[in-house]
Structures are given as C-alpha cells and as structure tokens.
Amino acid sequence: MQLLKKRILQDGKCYEGGILKVDGFINHQMDPVLMKSIGVEFVRRFAATNVNKIMTIEASGIAPAIMTGYLMDLPVVFAKKKSPKTIQNALSTTVHSFTKDRDYEVVISADFLTPNDNVLFVDDFLAYGNAALGIIDLIKQSGANLVGMGFIIEKAFQNGRKKLEEQGVRVESLAIIEDLSNCCIKIKDE
C-alpha cells in the first residue's frame, strides 16, 4: 500500500496528543481511486476466509467497507451511533471515542447481523481499539462469527492491536504509524 503511505506523508496532518488527520483523502473528502486500492488490498488479504458480510461503524468506515463489499460482492452493514426510532431487534453496546473523548451507544439490528454471518470488520483507524471492541461485543451478541478486522491506518503506539489479538482476532492494517511524536509522522516499513 505504497499509495496510501505516500498520501499519509504528503497530505496527513499531525496534532498533539497522537492525532493524525487524514480528512483530505479518507474520512471527510475521499479519494475514490485510493478507496478502490484499499478495497482491493482488503480483498487480497481476506479472500481465503469464509466472509459473507462486511461490517463497519459509522461514519468514516463506510467508504472502505462499501468498496470492499462491492469488490467481494457482499452486503455491507454498519453500526449506527444513534438508535433510530424505527430500528427493530436492536443490539447495542457502548464505545469510547478517543478523538471526541466521549462515550456513545452504537446499535445494529439483529436482522442484519445473524448467527449465519461470517463478518469482516473494516474501519479507517485502529488506535486504542475501543470501537473494535464494541463491534466484537455486537458480533458476540448476534451469534455471528468474526473472521477478521481490517484497518486503513493503525496507530501502533496506542496498543489497539494487542487488545484485539489477545481476543484471538486477526488484524490487518494497511499502514502502520509507529510514532507521531513532535508531529512527525513515522510509518512502519514492511
């Protein structure tokens, strides 16, 4: 994923507190060519699994999840951060947002996440792993099976991967940020 790494170094912005802003090409304004490349890479990494559903959490994970689902010809479902009045058979959990520094409830209908599903979770960032742990809780509540989690960017210094791997989760990250100290972006070479 050299294209992704190049864009992070070229267009990413670093802020104090370990924040990497990629809103110019991933999670506010999106580069569709980059999103396609990201989808292709997730397909390559998870093609040998028995995945039959892609899952994400709103909002920034939707674009890479849709692209991955499109390329794999699979449905995509996303957990909502607010429970609509119309949702039926809701499963819910609480997630802490590092960026927004607040807790919020995420919900998904059990109609769209079932024990017959083998789920690939796709999201923009892996930091502390809080959103991913919430998704794991929803998947367990539904009786579905998690085949793996794919992240566009992982902030290795925030240890989210460790938490997920301790639960036996396969984690694939397309760009791993080793350090953001002094607002200098250091990407792991693979």
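Residues numbered from 1 in each chain as written. Predicted model: local features only at pLDDT ≥ 70, side-chain atom pairs only at ≥ 80, totals over all residues. Heavy atoms only, no water.

Caption draft 1: How the structure looks around the environment of Ile139. Topologically, Ile139 is positioned in helix 4 (residues 130-142). Sequence separation of Ile139 and Ile108 is 31 residues, and the distance between their C-alpha atoms is 9.7 Å. Apart from the residues lying within four places of it in its own chain, the contact partners of Ile139 are Met55, Leu113, Val119, Ala144, Asn145 and Leu146. (Helix = DSSP H or I, 4+ residues; strand = E, 2+ residues; numbered from the N terminus. Contact = heavy atoms within 4.5 Å.)

Caption draft 2: Region of interest: the UniProt feature "binding site: xanthine" (unreviewed entry) in the protein. Taking the numbering used here, the UniProt-annotated feature "binding site: xanthine" (unreviewed entry) corresponds to Leu20, Asn27 and Lys155. Among the structural elements, Leu20 can be located in strand 2 (residues 19-21). In this structure Leu20 comes out as buried when scored by relative accessible area, which is 6%. Within the secondary structure, Lys155 sits in strand 8 (residues 145-155). Residue Lys155 is classed as buried on the basis of its relative accessible area, which comes to 5%. (UniProt positions renumbered as here; feature names shortened; annotations may be inferred. Buried < 20%, exposed > 50% of the residue type's maximum accessible area, 1.4 Å probe, protein only.)

Caption draft 3: Structural view of the layout of surface pockets. Its volume calculated, the second largest pocket comes out at about 210 Å³. Surrounding the second largest pocket, 13 residues form its lining, Val77, Phe78, Lys80, Ser109 and Phe112 being those nearest its centre. Contributions of two or more residues to the lining of the second largest pocket are made by strand 4 (76-79) and strand 6 (102-109). (1 Å grid on protein atoms, 1.4 Å probe; cavity = no way out; pocket = protein on both sides within 12 Å on 5 of 7 lines; lining within 4 Å. Points joined across faces, edges and corners; volume = space filled by probe spheres on them.)

Caption draft 4: Just helix 3 (residues 62-72), in detail. For helix 3, the full list of buried residues reads Pro64, Ala65, Thr68, Gly69 and Met72. Considered in projection along helix 3, the buried side chains sweep an arc of 130 degrees and stay on one side of the axis. Buried residues along helix 3 sit in contact with helix 2 (32-46), strand 3 (53-57), strand 4, strand 7 (118-126) and strand 8. Taken from the residues just after helix 3, Asp73 is the one with a positive phi, measuring 60 degrees. (Arc of directions from axis to C-beta.)

Caption draft 5: Fine view of helix 4. For helix 4, with 13 residues, the first-to-last C-alpha span of 19 Å sits near the 18 Å given by 1.5 Å per residue. For helix 4, the set of buried residues is Ala131, Ala132, Gly134, Ile135, Ile136, Leu138, Ile139 and Ser142. Once helix 4 ends, the next one or two residues include Gly143, with phi positive near 85 degrees. (Expected span 1.5 Å × (residues − 1).)

Caption draft 6: Highlighting the UniProt feature "binding site: 5-phospho-alpha-D-ribose 1-diphosphate" (unreviewed entry) in the protein. UniProt records the feature "binding site: 5-phospho-alpha-D-ribose 1-diphosphate" (unreviewed entry) at Ala127, Tyr128, Gly129, Asn130 and Ala131, using the numbering of this structure. Turning to its location among the elements, Gly129 is positioned in the loop between strand 7 and helix 4. Judged by its relative accessible area of 6%, Gly129 is buried. Looking at where Ala131 falls in the secondary structure, it is placed in helix 4.

Caption draft 7: Representation of the packing of helix 1 (residues 2-11) against helix 2. Where helix 1 meets helix 2, the axes come as close as 9 Å, and the angle between the chain directions of the two elements is 135 degrees. Put simply, helix 1 runs oblique to helix 2. The way helix 1 lies across helix 2 gives a crossing that is left-handed. Of the residues in helix 2, those touching helix 1 at Leu3, Leu4 and Arg7 are Leu34, Ser37 and Ile38. Within the contact of helix 1 with helix 2, the residues separate by chemical class into four nonpolar, one polar and one charged. (Axes fitted to C-alpha atoms, helices over the stretch in contact; angles between N-to-C directions. Parallel < 35°, antiparallel > 145°, perpendicular 65-115°, else oblique. Left-handed = near helix turned anticlockwise from the far one by under 90°. Nonpolar A, V, L, I, M, F, W, Y, C, P; charged D, E, K, R; others polar.)

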